[in-house]
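# Coordinate analysis (summary)
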Amino acid sequence: MPFGETPETLRGPIANLRAQAASTGLAPPQVAAVTSLPTSDAAAARTLVAAYADVGVDRVIHGARYADFDGFRRGLEAVAAAAR
């Protein structure tokens, strides 16, 4: 699970991983990337998620720091708004 990599830096490694799996008869492995989405800009967040998908990432995990439950809730609401 890559952490903090850009979509373009993952393109080659994902292709290599999936080629190696195919050469041994295995199903293509799923790839999850951990990043911090720009939740203050919903369009930019959607664009970034799409860029990860374009290079073969199956799942994007958004990480963010928060001090308390209210901070967690605000972050969750920002991600939900970006996903709409």
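Rules and cut-offs
- Residues numbered from 1 in each chain as written.
- Predicted model: local features only at pLDDT ≥ 70, side-chain atom pairs only at ≥ 80, totals over all residues.
- Heavy atoms only, no water.
- Helix = DSSP H or I, 4+ residues; strand = E, 2+ residues; numbered from the N terminus.
- Rg over C-alpha atoms; globule rule 2.2 N^0.38 Å.
- Contact = heavy atoms within 4.5 Å.
- Areas by Shrake-Rupley, 256 points an atom, 1.4 Å probe, with all protein chains shown as cover.
- Lys, Arg positive; Asp, Glu negative; His and termini not counted.
- Charge placed at Lys NZ, Arg CZ, Asp CG, Glu CD.
- Buried < 20%, exposed > 50% of the residue type's maximum accessible area, 1.4 Å probe, protein only.
- Pairing = 2+ DSSP bridges.
- Right-handed = clockwise from strand over helix to strand, strands pointing away.
- Phe/Tyr/Trp six-rings, centres within 6.5 Å; stacked < 30°, edge-to-face > 60°.

Here we take up the overall build of the protein chain. A tally of helices and strands in the protein chain yields three helices and two strands. Listed by position from the N terminus, the elements making up the protein chain come as α-β-α-β-α. Against the globule reference of 12 Å for 84 residues, the protein chain gives a C-alpha radius of gyration of 15 Å, more extended than a compact globule. Taken along the three principal axes of its C-alpha coordinates, the protein chain extends 50 × 25 × 20 Å. Pairs at least 24 apart in sequence give 69% of the contacts found in the protein chain among residues at least 6 apart. Split by element, the accessible area of the protein chain, about 5,600 Å² in all, is 58% carbon and sulfur. Treating the 8 positive side-chain charges of the protein chain as one cloud and the 8 negative ones as another, the clouds have centres 3 Å apart.

This brings us to the pairing of strand β1 (residues 32-35). Here β1 shows no split at all, with Ala32 and Val34 on one side and Ala33 and Thr35 on the other all buried. Note: β1 against strand β2 (residues 59-62), four bridges, orientation parallel. Bridge pairing links Ala32 to Arg59 in β2. Considered for its hand, the β-α-β crossover made up of β1, helix α2 (residues 42-54) and β2 is right-handed.

Bringing the packing of aromatic side chains into the picture now. Counted according to the given criterion, the structure contains two aromatic pairs. Each residue in the set Tyr66, Phe69 and Phe72 is aromatic and connected to the rest through ring pairs, giving one cluster.

None of this, on its own, says anything about what the molecule does.
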